There are 2 protein chains.
Amino acid sequence: MSTEAASRRGVPDATVARLPGYLRALTAFVDRGITSVSSEELATAAGVSPAKLRKDLSHLGSYGVRGVGYDVARLAEEITDVLGLARDWPVAIVGMGNLGRALAAYRGFATRGFKVVAVLDHDARLVGLRTAGHTVQPMSALPRLVADEGLAIGVIATPPGSAQLVADQLVAAGVRSILNFAPQVLSVPPGVDVRKVDLATELQILAFLAQQRDLETGAEAEVS
Amino acid sequence: MSTEAASRRGVPDATVARLPGYLRALTAFVDRGITSVSSEELATAAGVSPAKLRKDLSHLGSYGVRGVGYDVARLAEEITDVLGLARDWPVAIVGMGNLGRALAAYRGFATRGFKVVAVLDHDARLVGLRTAGHTVQPMSALPRLVADEGLAIGVIATPPGSAQLVADQLVAAGVRSILNFAPQVLSVPPGVDVRKVDLATELQILAFLAQQRDLETGAEAEVS
DNA sequence: GTGTGTGAAAAATTTCACAGCT
DNA sequence: AGCTGTGAAATTTTTCACACAC
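This is a predicted model, so every value here is computed, not measured.

J.: Tell me about the environment of A:F208, residues and numbers included.
T.: Note on placement: A:F208 falls in helix α10 (residues 199-218). Residue A:F208 is classed as buried on the basis of its relative accessible area, which comes to 5%. Those residues in contact with A:F208 that sit more than four places away from it in its chain are B:V11, B:V16, B:V82 and B:L83.

Put into structure tokens, the structure is as follows:
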């Protein structure tokens, strides 16, 4: 229980969203044998401004030393604590299409605080097959996974048409954190967190920015 | 050139980030044969508040009718225009690992304004293989793809160690929009847009929220 | 009557700039 | 002397509430 400041309410959402990036940068410093960094170095590595970094870290408490910088290992541990990554979170991936299989094979889970405890699919023809070290299980396995494995996070990698049903089944089984890769708005009861990853949305934002660049290049009537 | 208001500078970033969601919801309404929606209906379908939706749309101009609502087809067309999706954007996917192959096989591109014109890999042993209807090309093909196919957007699906090199090669070839799936901060010259999709970050944010829920449930000392 | 469009208020986030600790 | 931590200012985003067009 060394997390006094960390357990306080009131870390802004925008800050929380950046903490994983800081943690990744810190881990890279650890790997390179660097034990101390300034806010400027860490900010550069994480792709943010130094002022933003310092403000973000100030919400966790004071873990730097004025005139010196931050102890890499200590700050990494603190952020790990704040994010709740001191323990591993059991994850299940639902939907064994192309994306689901790619996610199941992804190596990055283990090193970052997550453990894939099961892969599932609604389609009976896929149940029993093996992918990336896992045997595909039916949706009916969910309650047992929650009870026995402590399953806490569900990843939805199904076609959009099945996403809501899968979300309902996850929630019914007791899962309260969902990462949704399907391009579909999910409705879930209060107390359940959903985050969305959407390829098409990101591409469309890039298209908007690209078009804006083109328009600006084409039209030279600007107030300096 | 019917986009007067649309071509104006000053659509807020937060609004741009939500436009793809509105477009998707509108497309779903079109498919269901619905020709008119209120801000409340559209907001619900897109997962935002009605006030936010109306404010967002007000930045594009007035495309609703007071007392009635929005013409689904007209609004969809307007957002399509604003986002620059009236034409197809040529996309290349770099990195034919699990994720790259899954992305190459993804059906959602075509229907949303994008066209995969090539898949590439740095590894000579993969070049020439066929995946999802494409022949894997070497990185040296980039300049020709930009010149001949109008390649505008690069998707990086490589391991983190190769991501910066790939980004450099994309930029050198003239690509100015990059979608990065590798957990690696990219440094690019001004005028190049990078957006990041990061599985681990999203999971870590979910972990934070889940832990916070657990802490709040455990500790009953609250000011109502 | 109904539901949009929008000023104004509120809230959240970012940036600034410097006091204060080492 | 150097770099963090932080109030205060600036900016962005969200929410409110109602005038106004149909």
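J.: Mind laying out the protein's contact with DNA strand D, listing which residues take part and the relevant values?
T.: Taken together, 24 residues form the shell around DNA strand D, and within it A:S39, A:G64, A:G67, A:Y70 and B:R18 come nearest. The sugar-phosphate backbone supplies 62% of the atoms of DNA strand D found within 4 Å of the protein. For DNA strand D, a base nitrogen lies 3.4 Å from a polar atom in the side chain of B:R54. In the environment of DNA strand D, a base oxygen lies 3.2 Å from a nitrogen or oxygen atom belonging to the side chain of B:R66. Sorting the residues of the surface near DNA strand D by element identifies α4 (50-58), β2 (64-65) and β3 (69-71) of chain A together with α2 (13-31) and α4 (50-58) of chain B as the ones contributing at least two each. By residue class, the composition of the surface near DNA strand D is 7 nonpolar, 8 polar and 9 charged.

J.: Let's hear about the domain arrangement of chain A: which residues, and what values?
T.: Domain parsing of chain A yields domain 1 (4-83) and domain 2 (89-201). Using C-alpha coordinates to define each centre, domain 1 of chain A is positioned 30 Å away from domain 2 of chain A.

Calculation rules
- Residues numbered from 1 in each chain as written.
- Chains lettered and ligands numbered in written order.
- Predicted model: local features only at pLDDT ≥ 70, side-chain atom pairs only at ≥ 80, totals over all residues.
- Heavy atoms only, no water.
- Helix = DSSP H or I, 4+ residues; strand = E, 2+ residues; numbered from the N terminus.
- Buried < 20%, exposed > 50% of the residue type's maximum accessible area, 1.4 Å probe, protein only.
- Contact = heavy atoms within 4.5 Å.
- Near = heavy atom within 4 Å.
- Polar contact = N/O pair within 3.5 Å; in protein donor to acceptor, adjacent residues only side chain to side chain.
- Nonpolar A, V, L, I, M, F, W, Y, C, P; charged D, E, K, R; others polar.
- Domains from an automatic or database assignment.

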